[in-house]
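Structure at a glance
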Amino acid sequence: MEGGGGSGNKTTGGLAGFFGAGGAGYSHADLAGVPLTGMNPLSPYLNVDPRYLVQDTDEFILPTGANKTRGRFELAFFTIGGCCMTGAAFGAVNGLRLGLKETQNMAWSKPRNVQILNMVTRQGALWANTLGSLALLYSAFGVIIEKTRGAEDDLNTVAAGTMTGMLYKCTGGLRGVARGGLAGLTLTGLYALYNNWEHMKGSLLHQSL
């Protein structure tokens, strides 16, 4: 009987040890120092010298002969589309104002709503066409002047704006051409002054010191 009991204990112990329930146990502290086969204890991507993260070169690789900034031809599409959408939005608001003003003596009814909607549509299309045409002329003159001079600066902006105003008002005779050119020169001159304001202010401060 004792032999049978001992044999039973050995069998139970063997099965328990096989399934991990018996025998000497290991704590988490003992297992922490055991290296894992085929795996590093620390990822190499977490141990990087910060000096290698500093980028001294350009972020993007440009094709040979390409500029770092967009030229006038690339910006022409954005300019024309933006002016068309701006004109449509402004015209819609203006048409709504005019429609409400012209129909203020009418009661709210279907004819009044139709008249207001027609005014909004008409004014939106008119302003979108106007600003889109100006943007198209300005972009075309800007691209031509840039290709002719071989340089991109504020002089191209002022010249393109002046020529755009002159051509847009050419149907009004010499006086209309003069007014259009003066308007274009003024607007583009103010735009160029705004873009270079920080540079001009820094130059004046440097000269005063």
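The rules behind the values
- Residues numbered from 1 in each chain as written.
- Predicted model: local features only at pLDDT ≥ 70, side-chain atom pairs only at ≥ 80, totals over all residues.
- Heavy atoms only, no water.
- UniProt positions renumbered as here; feature names shortened; annotations may be inferred.
- Helix = DSSP H or I, 4+ residues; strand = E, 2+ residues; numbered from the N terminus.
- Axes fitted to C-alpha atoms, helices over the stretch in contact; angles between N-to-C directions.
- Parallel < 35°, antiparallel > 145°, perpendicular 65-115°, else oblique.
- Left-handed = near helix turned anticlockwise from the far one by under 90°.
- Contact = heavy atoms within 4.5 Å.
- Nonpolar A, V, L, I, M, F, W, Y, C, P; charged D, E, K, R; others polar.
- Expected span 1.5 Å × (residues − 1).
- Buried < 20%, exposed > 50% of the residue type's maximum accessible area, 1.4 Å probe, protein only.
- Phe/Tyr/Trp six-rings, centres within 6.5 Å; stacked < 30°, edge-to-face > 60°.
- Lys NZ or Arg CZ within 6 Å of the ring centre and 35° of its normal.
- Patch = residues over 30% accessible without salt bridge, like charges linked within 9 Å, V, L, I, M, F, W, Y side chains within 5 Å.
- Areas by Shrake-Rupley, 256 points an atom, 1.4 Å probe, with all protein chains shown as cover.
- Salt bridge = Lys/Arg side-chain N within 4 Å of Asp/Glu carboxyl O.
- pLDDT = per-residue confidence, 0-100.
- Disulfide = S-S within 2.5 Å.

Some points on the UniProt feature "transmembrane region" (unreviewed entry) in the chain
According to UniProt, the "transmembrane region" (unreviewed entry) feature falls on residues 75–96, 126–145 and 176–194. End-to-end, the C-alpha atoms of residues 126–145 are 29 Å apart, and along that stretch the chain is 100% helix and 0% strand.

Some details on the packing of helix H4 (residues 110–149) against helix H5 (residues 154–168)
The geometry of H4 relative to H5 is characterised by a closest axis approach of 8 Å and an angle of 135° between their N-to-C directions. Between H4 and H5, the angle is such that the two are oblique. Considering only the axes of H4 and H5, their crossing is right-handed. Counting all contacts with H4, which are made through Thr130, Leu134, Leu137, Tyr138, Phe141, Gly142, Ile145, Glu146 and Arg149, the residues of H5 involved are Leu155, Asn156, Thr157, Ala159, Ala160, Gly161, Met163, Thr164, Leu167 and Tyr168. Grouping the amino acids of the contact of H4 with H5 by side-chain chemistry returns 11 nonpolar, 6 polar and 2 charged.

Section: helix H6 (residues 173–195)
With 23 residues, H6 extends 33 Å between its outermost C-alpha atoms, agreeing within 8% with the 33 Å of an ideal straight helix rising 1.5 Å per residue. Along H6, the residues that are buried comprise Gly176, Gly180, Gly181, Gly184, Thr188 and Ala192. The elements touched by buried residues of H6 are H4 and H5.

Examining the packing of aromatic side chains
All chains considered together, the criterion is met by 2 aromatic pairs. Taking the centre distance of 5.4 Å and the plane angle of 85° together, the rings of Phe73 and Phe77 count as edge-to-face. Taken together, the residues Phe73 and Phe77, both in helix H3 (residues 72–102) and 4 residues apart, mark about one turn of the helix. Residue classification places Phe77 among the exposed positions, given a relative accessible area of 58%. Where Phe90 meets Trp127, the ring centres are 4.7 Å apart and the plane angle is 80°; that geometry is what we call edge-to-face. One end of the pair, Phe90, is in helix H3; the other, Trp127, is in helix H4, with 37 residues separating them in the sequence. For Phe90, a relative accessible area of 46% corresponds to the partly exposed category. Trp127 gets classed as partly exposed once you look at its relative accessible area, which sits at 28%. The residue whose ring lies beneath Arg112 is Trp108, and the NZ or CZ to ring-centre distance is 4.1 Å.

Section: the packing of H3 against H4
Helix packing geometry: the angle between the two helix axes and the distance between the axes. Following both chains from N to C, one finds H3 and H4 inclined at 155°, their axes separated by 6 Å at the closest point. In terms of axis orientation, H3 runs roughly antiparallel to H4. As for how H3 packs across H4, the hand of that crossing is right-handed.

Focus: the environment of Gly71
If you trace the backbone, Gly71 turns up in the loop between helix H2 (28–32) and H3. Residues Gly71 and Glu146 lie 75 residues apart in sequence; the distance between their C-alpha atoms is 8.9 Å.

Considering H5
Taking 1.5 Å per residue as the helical rise, H5 with its 15 residues ought to reach 21 Å, and the 21 Å between its terminal C-alpha atoms agrees with that figure. Every buried residue belonging to H5 is among Asn156, Thr157, Val158, Ala160, Gly161, Thr162, Thr164 and Gly165, and all of these are buried. Where H5 is buried, its residues contact H3, H4 and H6.

Some details on a nonpolar patch on the surface
A contiguous nonpolar patch, built from Leu190, Leu193, Trp197 and Met200 and spanning about 390 Å² of accessible area, is present on the exposed surface. Relative to the elements of secondary structure, Leu193 occurs in helix H6. Judged by its relative accessible area of 37%, Leu193 is partly exposed.

Some details on the confidence of the model for the chain
Do not read the fine detail of predicted coordinates wherever pLDDT is low. Considering every residue of the chain, the mean pLDDT works out to 77; 65% of them sit at 70 or more. Taking the mean pLDDT of every element in the chain, the minimum, 47, falls on helix H1 (residues 2–19) and the maximum, 93, on H4.

Topic: the state of the cysteines
Under the defined criterion, the tally for this structure stands at 0 disulfides. Not part of a disulfide, Cys83 finds its nearest cysteine sulfur in Cys84, a span of 7.2 Å. For Cys83, a relative accessible area of 25% puts it in the partly exposed group.

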